[in-house]
Amino acid sequence: MLRNPDEFFGGWLYLYLVDMELSEFTRAAVLSRDSKFLRALTVTLLIAQCLLLPSAHAAALGDDIGFSRAGVARKLLQQSLSGCLSSSGARLVFPGDSSYDSARGHVFNHRYLYNPAAFVFATTTAHVQRAVQCAVQLNVGIAPRSGGHSYEDYSLGGRDGVIVVDLEGMNSVSYDSGSKIATVGGGTRLGPLKLALWKQGKVTIPAGTCPSVGVGGHSLGGGWGFVSRKWGLMADSLVSVELVTANGTVVTASSSQNSDLLFALKGAGANSFGIVTKFFFKTYDVSKNVTFFQYNYGKTEQAQTLRAYQRWGVSASADVSASLFHNPTGDNFIWGIYLGPKSNLRTVLKTFFDNAPATPSATTEIESDYITSVLINAGFKQTDPIDTLNLQNYVYESRTFKSKSIFVKGSGWSEQGIQAYIDALGKGPTANTYMIFDLFGGSGSFINSVASGSTGFVHRDSLFSIQMFTYWNDRPQDATADLNWIQGIWNTVRPYSSGEAYQNYIDSDMPLSAYYASNLDRLKTVKRKWDPSNIFNFPKSIPLN
Ligand SMILES: Cc1cc2nc3c(=O)[nH]c(=O)nc-3n(C[C@H](O)[C@H](O)[C@H](O)COP(=O)(O)OP(=O)(O)OC[C@H]3O[C@@H](n4cnc5c(N)ncnc54)[C@H](O)[C@@H]3O)c2cc1C
């Protein structure tokens, strides 16, 4: 390993430190041969090597019996992290621990599964503060995890070697009927949240349909669901937060306190400015019955259904939110929620039916209380107990996937765009690929009534967002075809769409301008003020410049 004794300080130590992934500052000190610093460092390393890792030390001399300097570096880092983090009292999990793989696998996409340096299972704000302080002290990356549904596994940091702060244990929900404000822990899942609000006051917060998605990532990136056209995105309901900042202190962000932070967190808040430990949301009354609907059509009718959906969508009542589903094998249906009785449903959907294929192949119209519609939308039966939604700590079915998104403005796609899309869709490689058109806009939509510069969520003039999804799970041989297809269909529809994309369907291939557009400069200003050393970062975080 050491061929020239002169290299001892600048060579051996440098290699050691590179492996240890110590700070740029430390490396600079070694290279500049700051003798005092180097002596201290050498003593520390030799003690660590001799006392803690005798076999590794011996192997280092031989260099040929499997000794891994990276392994030693990881061990030392682990010891430093353990020393720093353990004083908080939070449950910790490190590489090599028996629960490490399950801690790491507690995410929705199993495509990346990065290797965190530590998991901190926080149950108090103080636990989160300590984790941030240790990340800063030891110059290690940090990533909060709420529901773990990031499409690119960014709650594992988006790279190896970070501290993951799992917020699952911070999941209390309390509703104050006087102020109509809900206080929600940073790791609460949407199912348990909607259930608790229903039980506490028959109220809700607009949010997505999947009950295991976490409030953390979801609300900080927008959060679209089946009452969003009426009451907005989940981010639009956010009135204030408790946030642990880069220097480990706790601040409130609201319209009267640190309002620049609140602006940024409402749409651009995922791991860029701090860790939100508590959310305060305004709520909406859902004590009246609602109607779930779904209409299925045939494979050859995909273009016509889309045409009808667009025509209806531009002037749809805000009381209806809906999505359209297509896949290459021909599935073709529209479904959603109407905040009203079944008897009036056909009236609010009239423009759709006037243009849709004459007869659906299947029709579902279910009037129920609100929480039952949440249950149905989550894929459960109408007759299942509502407590089925209590999916806190849910362990995911493993998925390996790629998703992309794009927003469509104005009155939707031209006829040429629709034809190009239908052609590309039909070339989809498997049944495990699909497109979902979520209606955001239309004349009555609350989402588009909010000015694009007033929150971090800039996309306020779109008709719909399209999610493109492909998964191959245990068929790795299909990955290339699936990836080519999804990129191909995105390229096909791009000329007929805006270049914007939805940050909650985060995609490592997209530039930040697609997610934040004209808000990006202001978000960078907020970033420089609140996180000037860029402690909170991942591949798609808001940068300093
Ligand atoms: C099955 C499924 C269904 C979905 N349905 C919808 C839908 O109906 N509507 C919709 O709009 N979106 C939907 N999404 C997308 C979803 O909103 C995003 O994936 C969202 O980021 C997930 O949030 P999370 O907390 O579960 O994820 P995480 O992976 O835990 O977090 C996502 C990002 O936010 C950061 N983060 C998490 N918590 C905090 C916090 N407290 N403070 C600061 N940063 C934090 C993480 O570090 C990470 O970068 C769906 C996703 C899946 C997988």
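Quick note: structure is the one above.
Residues numbered from 1 in each chain as written. Predicted model: local features only at pLDDT ≥ 70, side-chain atom pairs only at ≥ 80, totals over all residues.

Participant: Please explain the site of the ligand as it appears in this structure.
Facilitator: Close contacts around the ligand come from 35 residues, with Gly147, Gly208, Gly214, Gly216 and Gly217 the closest. Counting only elements with at least two residues in the shell around the ligand, the list comes to strand E3 (142-145), helix H9 (215-220) and strand E10 (275-282). Ranked by residues supplied to the shell around the ligand, first place goes to H9 with four residues. Split into classes, the residues belonging to the shell around the ligand amount to 14 nonpolar, 20 polar and one charged. (Near = placed C-beta within 6 Å. Helix = DSSP H or I, 4+ residues; strand = E, 2+ residues; numbered from the N terminus. Nonpolar A, V, L, I, M, F, W, Y, C, P; charged D, E, K, R; others polar.)

Participant: Before we go on, may I ask you to explain the packing of helix H11 (residues 259-268) against helix H19 (residues 520-530) in this structure?
Facilitator: Angle between the axes and distance between the axes are the two parameters that describe a pair of packed helices. Where H11 contacts H19, the two axes come as close as 10 Å, and the packing angle between them is 120°. Here H11 lies oblique to H19, going by the angle between them. The way H11 lies across H19 gives a crossing that is left-handed. For the pair H11 and H19, contact is made by Asp260, Leu261, Ala264 and Ala268 and by Leu523, Val526, Lys529 and Trp530, respectively. For the contact of H11 with H19, the class distribution of residues is six nonpolar, no polar and two charged. (Axes fitted to C-alpha atoms, helices over the stretch in contact; angles between N-to-C directions. Parallel < 35°, antiparallel > 145°, perpendicular 65-115°, else oblique. Left-handed = near helix turned anticlockwise from the far one by under 90°. Contact = placed C-beta atoms within 7 Å.)

Participant: Would you explain the nonpolar core in this entry?
Facilitator: If you look at soluble globular proteins, the nonpolar side chains tend to sit buried side by side. Counting 142 residues, the largest nonpolar core has Val120, Ala131, Ile142, Ile163 and Val165 as the members making the most contacts within it. Not counting the four nearest positions on each side in its chain, Val120 is found in contact with Leu85, Ala90, Leu92, His127, Ala131, Ile163, Val165 and Asp166. (Core = buried A, V, L, I, M, F, W, Y, C linked by C-beta atoms within 7 Å. Buried ≥ 20, exposed ≤ 12 C-beta atoms within 10 Å, placed from the backbone.)

Participant: What am I meant to see in the sheet that holds strand E6 (residues 181-185) here?
Facilitator: Within the open sheet, the five strands sit side by side as E5-E6-E10-E8-E9. Their pairing is antiparallel. In the strand order of this sheet, the two ends are held by strand E5 (173-176) and strand E9 (250-254), each with one partner. Across the sheet, the mean angle from the axis of one strand to that of its neighbour is 15°, orientation sign disregarded. As paired elements, strand E8 (residues 238-244) and E10 share six bridges and run antiparallel to each other. Residue Leu238 lies in a different strand from E10, and its bridge partner there is Phe281. On the sheet, helix H8 (residues 190-201) packs against E5 and E6 and is oriented at approximately 35° with respect to E5. (Pairing = 2+ DSSP bridges.)

Participant: Would you take a moment to explain unusual backbone geometry for this structure?
Facilitator: Keep in mind that most residues, glycine aside, have a negative phi and that most peptide bonds are trans. The backbone of Leu113 sits at a positive phi, close to 45°, despite the residue not being glycine. The residue Asn393 is not glycine, and still its phi comes out positive at about 65°. Here Asn393 lies in the loop between helix H15 (370-377) and strand E16 (401-409). The class for Asn393 is partly exposed, based on 13 C-beta atoms found within 10 Å.

Participant: I'm lost on the sheet that holds strand E1 (residues 91-93) in this one. Help?
Facilitator: Sheet strands pair by backbone hydrogen bonding; their relative direction is either parallel or antiparallel. Overall, mixed pairing links the four strands, which are arranged E1-E2-E4-E3 in an open sheet. The sheet terminates laterally at E1 and E3, the two strands that pair on one side only. If you compare each strand with its neighbour and ignore which way they point, the axes differ by 20° on average. Bridge analysis of strand E2 (residues 118-121) against strand E4 (residues 163-166) gives four bridges, and the strand direction is parallel. Bridged to Val120 within E4 is Val165. Lying over the sheet, helix H5 (residues 69-85) contacts E1, E2 and E4, oriented at roughly 15° with respect to E2. Packing of helix H7 (residues 125-137) onto the sheet brings it into contact with E2, E3 and E4, and relative to E4 it is tilted by some 170°.

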